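So you can see what is in the structure, the chains are spelled out below.
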Amino acid sequence: MTSPDPLVPRLPSPLQEVGDDRFERYGLRLLLKRDDLIHTHLIGNKWRKLVPNIEAAKGRPLATFGGAYSNHLRATAAAGRLLRLPTVGVVRGEELADRPLNPSLARCAADGMRLHFVDRSTYRRKTEPETLAAILRAAGAEEAYVVPEGGSNGAAVQGCRALGEELRGHADVVAVACGTGGTLAGLAAGLTAGQRALGVPVLRGGFLERDIQALQERAFGGRTGSWSLDERFHFGGYARTTPELHGFAQDFEDRHGLPVERLYVAKLLYGLVALADEGAFPRGTTIAAVVTGRPFPQGQPASR
Ligand SMILES: Cc1ncc(COP(=O)(O)O)c(C=O)c1O
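Presented here is a report on the structure given in the accompanying data block. If you're wondering where the values come from, they're calculated on a predicted model, not measured in any experiment. (Residues numbered from 1 in each chain as written. Predicted model: local features only at pLDDT ≥ 70, side-chain atom pairs only at ≥ 80, totals over all residues.)

**Examining the site of the ligand**
Item 1. Near the ligand there are 17 residues, and of these Asn71, Gly179, Tyr264, Thr292 and Gly293 occur at the shortest range.
Item 2. For the shell around the ligand, the secondary-structure elements that each account for two or more residues are α3 (71-83), β7 (173-178) and α8 (182-190).
Item 3. Grouping the constituent residues of the shell around the ligand by class yields three nonpolar, 13 polar and one charged. (Near = placed C-beta within 6 Å. Helix = DSSP H or I, 4+ residues; strand = E, 2+ residues; numbered from the N terminus. Nonpolar A, V, L, I, M, F, W, Y, C, P; charged D, E, K, R; others polar.)

**Examining the pairing of strand β8 (residues 196-201)**
Item 1. Burial analysis of β8 places five of its six residues in the buried class, the great majority of the element.
Item 2. In this sheet, β8 lies alongside β7 in parallel orientation, the contact comprising six bridges. Bridge pairing in β8 links valine 174 to alanine 197.
Item 3. Bridge count for β8 against strand β9 (residues 227-229) is three bridges, and the pairing is parallel. Its bridge partner being in β9, leucine 198 is matched across the sheet by serine 228. (Buried ≥ 20, exposed ≤ 12 C-beta atoms within 10 Å, placed from the backbone. Pairing = 2+ DSSP bridges.)

**A few points about helix α2 (residues 45-57)**
Item 1. Along its 13 residues, α2 runs 19 Å from first to last C-alpha, staying within 8% of the 18 Å computed at 1.5 Å per residue.
Item 2. For α2, the complete set of buried residues consists of Asn45, Lys46, Trp47, Arg48, Lys49, Leu50, Asn53 and Ile54.
Item 3. Elements in contact with the buried residues of α2: α3, α7 (154-166) and α8. (Expected span 1.5 Å × (residues − 1). Contact = placed C-beta atoms within 7 Å.)

Following this line, the structure appears as structure tokens:
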């Protein structure tokens, strides 16, 4: 018996309607776009963002960047294992080098990723050409194909366009949680006239509008599609959570029987319930929420 190809994705990803009285009472339909079911290891937007980059790398090692709990680092490491490509992960926080690896970094290492820890100030400057060259030299990865933090570059944004295309004719509003904004940038470009994309940033800062526009300029030559951001649902910033958010996510899991990733997906769903309550969507609106990830391992890092 031949074993299944480890890289066959489930595309288009399933689209499921869920009955939820917090939407139905306002005449709204809620659909879940289950990108978390695309692949066992390259979950959610990771498949859509990484595969075009792996093609562009043409067999060169992949080097990329992330924090101690980065979903993107784990996905890159898994892709390296599946495709037998060497991977190097540049991790924010020099101090982590002397500690036991947390479960997320341990997973990366088990998948064969070589981890290289850098101090936070160098990490912040990693997009400056000289700093990047020095990091790659120190990591022994001068020949590598570099994928930026969060995996968002022109190729990734083009890969995410298919997410929007899969949702044509199915929803009026497509909502997604945003880190770097690459997924939203591509998604919005793939939608058709009359549909709009709504991004819920999980970081504080108000810089994302500009970043997403820049990503669209790189991928498509200009601002594309109808999209906007609602910056109110970050719960204190990246990787921050609150007991209220955990309670909300647990309740959503109990109602609908799917695992709710806390750092992105829970914030998105919470935001949508709040917006429905505020009357932000006219009666008859169909909203598709993109489930971009899955909890790791089963639980979550403790809130900070
Ligand atoms: C689970 C999950 N959802 C959403 C996102 C946000 O994607 P983007 O950085 O393209 O905005 C990420 C980013 O890595 C993620 O891991």
